[in-house]
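# Summary of the model geometry
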Amino acid sequence: MTTNKASMIIDKDFQVGEVDKRIYGSFIEHLGRAVYGGIYEPDHPQADDQGFRTDVLELVKALDVPIVRYPGGNFVSGYNWEDGVGPKELRPRKLDLAWRTVEPNWVGLNEFMDWCKKAGTEPMMAVNLGTRGPDEARNLLEYANHTSGSYWSDLRISHGYKEPHKIKTWCLGNEMDGPWQMGSKTAYEYGRIANETAKMMRWTDPTVELVACGSSSIHMKTYPEWEATVLDLAYENVDYLSLHQYYGNPKGDTANFLAQSLGMDSFINTIISVCDYTQAKKRGKKKINLSFDEWNVWFHSHEQDKKLEPWTIAPPQLEDIYNHEDALVVGCMLISLLKRADRVKMACLAQLVNVIAPIMTENGGAAWKQTIYYPYMHASLYGRGTVLVPLVKSPKYDSADFTDVPYLEAVAVHNEELGEVTIFAVNRHLEEPMPFELDLRSFANCSVIEHIVQENDDLKAVNTAAEPNRVTPHKGGNAAVTDGGKIEASLPKASWNVIRVKV
Ligand code: AHR
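Residues numbered from 1 in each chain as written. Predicted model: local features only at pLDDT ≥ 70, side-chain atom pairs only at ≥ 80, totals over all residues. Heavy atoms only, no water.

### Digging into the layout of surface pockets
When its volume is computed, the largest pocket comes out at roughly 410 Å³. Lining the largest pocket are 23 residues, and of these Glu175, Trp180, Ser216, Tyr246 and Trp298 lie nearest its centre. Counting residues per element, the lining of the largest pocket draws most heavily on strand S10 (residues 240-247), at three residues. For the lining of the largest pocket, the per-class residue count stands at 10 nonpolar, 10 polar and three charged. Estimated volume of the second largest pocket: approximately 230 Å³. Surrounding the second largest pocket, 13 residues form its lining, Gly248, Asn249, Pro250, Lys251 and Asn256 being those nearest its centre. Tallied by class, the residues present in the lining of the second largest pocket amount to five nonpolar, five polar and three charged. (1 Å grid on protein atoms, 1.4 Å probe; cavity = no way out; pocket = protein on both sides within 12 Å on 5 of 7 lines; lining within 4 Å. Points joined across faces, edges and corners; volume = space filled by probe spheres on them. Helix = DSSP H or I, 4+ residues; strand = E, 2+ residues; numbered from the N terminus. Nonpolar A, V, L, I, M, F, W, Y, C, P; charged D, E, K, R; others polar.)

Here is the structure:
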């Protein structure tokens, strides 16, 4: 007999908030084979006339990614954006000190904007506040967004881009608290430069939305004092604070690995508190919201990356091959983002292709979906609407890092327009299926559209070029409406579940 029974109550009127679709964003950095060999490979048989891989574009489009961060990451802190515009034959090759590679600048701002259009997405552009500052940032913005009649906007036009790109979302640097960052700063130094840059960018284009760097992770010594100091200095001129977090399972403790999203919950809640504290201190009207613009599992490639030759173009860096349990952690992290949809307005799965990514490619060869592709796709496709307060009752366990970890992690999204409620649920139990009961209270005449399940007897199962479909979801989940109008299902052990209900 199982003791693992869990239940959830949702009500149409008990709402967390609207999902901003930008929480299903992703990230392309000039790093490893994300750009060269990932989105761009002119010699590939499936490259289009601009050199973009159409097989990769198809996989990206199927995810319906609303926003893609670019060009870094650590890379941006040493990047001269001018190197990436204008005639390709004149673009310089430069050393990238962040990843110890050679950057050929075959792709830059304008090509990336073309790719975004083809992929049906928007850019989230980052400016270099490491080796550079407000002047270069405002020049870049003038080049990208100003219509014409100024040096930088006319230069863009001379490069063949008559229309301004109208880039709305901008990151003020990247992980400026990290000593690994070129030009890293103290919170005070960063808060001052972020504020001055933000002011000048707003004066250049008042329509922009600006993201200030929060801590690189909760493990930074300066967390969360960093956020308080930065916001104190820049509150008036920024709109979002960034969060970054990666998880790993180096010791093979799966129960503890699956519990890591509890840390993400508390990270999000802490940063919301800091934002609200600053608002109160400033007697401000403006709420600062959250941009969780780097999140994922990242650890599989750490050892192999130490062996790479430095100073090559597009080496296979950060090429984590994701297994089934990684997909469950990604599922839990997506649920964490949704549970605070009221304040997390943007988020980027880092990254999109080849580099800690849901999509993998071979140079000159195939492109395929990693295990983490599917939960990300399900959330992006079915997780739009209003998040409902998830009242969850679940048995719990203790792990190495956390106590009271619920076996059931779940959230529900109501899409009123489509008349659908979607439940995303992870059964963290590694041995037992979970009898699950859902009480939909105010929703009448419900019927189950489908119950998608991603499960695997082997937690370490992966997809590869040779075996791209070893871990895929199936639609054979058994969720069904009971006579009493509730929904019951058995959630397989260690599984990701998507229960779509017509309401
Ligand atoms: O996404 C990989 C790297 O992780 C990014 O460049 C950096 O911002 C973070 O440390």
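### Things to note about the sheet that holds strand S4 (residues 67-70)
Strand order in the closed barrel formed by eight strands is S3-S4-S7-S8-S9-S10-S11-S12, and the pairing between neighbours is parallel. Ignoring which end each strand starts from, the neighbouring axes of this sheet average 30° apart. Where strand S8 (residues 169-172) lies against strand S9 (residues 209-212), four bridges are found, and the strand directions are parallel. When the sheet's bridge partners are listed, Thr169 is paired in S9 with Glu209. (Pairing = 2+ DSSP bridges. Axes fitted to C-alpha atoms, helices over the stretch in contact; angles between N-to-C directions.)

### Points about the sheet that holds strand S16 (residues 391-393)
Sheet architecture is open: five strands sit in the order S16-S1-S21-S24-S23, paired in mixed fashion. The strands lining the two open edges of the sheet, one partner per strand, are S16 and strand S23 (480-481). Two strands pair when backbone bridges link them, and S23 and strand S24 (residues 487-491) are joined in this way by two bridges, in the antiparallel orientation. Paired with Val481 across the strands is Ile487, a residue of S24.

### Observations concerning the site of the ligand
Around the ligand, the structure places 13 residues, and the nearest of them are Glu29, Asn74, Glu175, Tyr246 and Glu294. Backbone polar atom of Asn74 to an oxygen atom of the ligand: 2.9 Å apart, as the coordinates give it. A distance of 2.7 Å is found between an oxygen atom of the ligand and a side-chain nitrogen or oxygen belonging to Glu175. For the ligand, whose unbound accessible area comes to 280 Å², protein coverage reaches 95%. (Near = heavy atom within 4 Å. Polar contact = N/O pair within 3.5 Å; in protein donor to acceptor, adjacent residues only side chain to side chain. Areas by Shrake-Rupley, 256 points an atom, 1.4 Å probe, with all protein chains shown as cover.)

### Regarding the packing of aromatic side chains
Counted under the stated rule, the structure contains 17 aromatic pairs. With 3.9 Å between their ring centres and 5° between their planes, Tyr70 and Phe112 make a pair best called stacked. Here Tyr70 is found in strand S4, whereas its partner Phe112 is found in helix H2 (residues 109-119), with 42 residues between them in sequence. Judged by its relative accessible area of 0%, Phe112 falls in the buried class. Arranged with centres 5.8 Å apart and planes meeting at 25°, the rings of Phe112 and Trp115 form a pair that is stacked. Note that Phe112 and Trp115 are positioned in helix H2 at a spacing of three residues, about one turn of the helix. Overall, the relative accessible area of 0% leaves Trp115 in the buried class. (Phe/Tyr/Trp six-rings, centres within 6.5 Å; stacked < 30°, edge-to-face > 60°. Buried < 20%, exposed > 50% of the residue type's maximum accessible area, 1.4 Å probe, protein only.)

### Description of the pattern of salt bridges
Following the criterion strictly, the structure yields 34 salt bridges and no others. A salt bridge links Lys486 to Glu437; the shortest N-O distance between them is 3.7 Å. Taken as a pair, Lys486 in the loop between S23 and S24 and Glu437 in strand S21 (residues 434-439) lie far apart in primary sequence, 49 residues in all. Bridged by salt links that share partners, the residues Asp265, Lys339, Glu409 and Arg428 form one connected network. (Salt bridge = Lys/Arg side-chain N within 4 Å of Asp/Glu carboxyl O.)

### Some remarks on the UniProt feature "domain: Alpha-L-arabinofuranosidase C-terminal" (unreviewed entry) in the protein chain
Residues annotated by UniProt as "domain: Alpha-L-arabinofuranosidase C-terminal" (unreviewed entry) correspond here to residues 293-495. Counting secondary structure, residues 293-495 comes out at 15% helix and 32% strand; the distance between its end C-alpha atoms is 26 Å. (UniProt positions renumbered as here; feature names shortened; annotations may be inferred.)

### Observations concerning the side chain of Ser77
As for its position among the elements, Ser77 is in the loop between S4 and strand S5 (94-96). Residues within four places of Ser77 in sequence aside, it is in contact with Asn128, Gly130, Thr131, Asn174, Met176, Gln181 and Met182. (Contact = heavy atoms within 4.5 Å.)

### Considering empty space enclosed by the protein
Tallied over the entire structure, the rule returns three cavities of 30 Å³ or more. Its boundaries defined by the atoms lining it, the largest cavity holds a volume of some 130 Å³. At the level of secondary structure, the elements contributing two or more residues to the lining of the largest cavity comprise strand S7 (122-127) and helix H3 (134-145). Of the residues in the lining of the largest cavity, the class split is 11 nonpolar, three polar and two charged. Space inside the second largest cavity adds up to approximately 90 Å³.

### Regarding the pairing of strand S1 (residues 6-9)
Of the two faces of S1, the one holding Ala6 and Met8 is buried and the one holding Ser7 and Ile9 is not buried anywhere. As paired elements, S1 and S21 share four bridges and run parallel to each other. Residue pairing in the sheet places Met8 in a bridge with Leu438 of S21. With three bridges connecting them, S1 and S16 associate as antiparallel partners. Following the sheet pairing, Ile9 is matched in S16 by Leu391.

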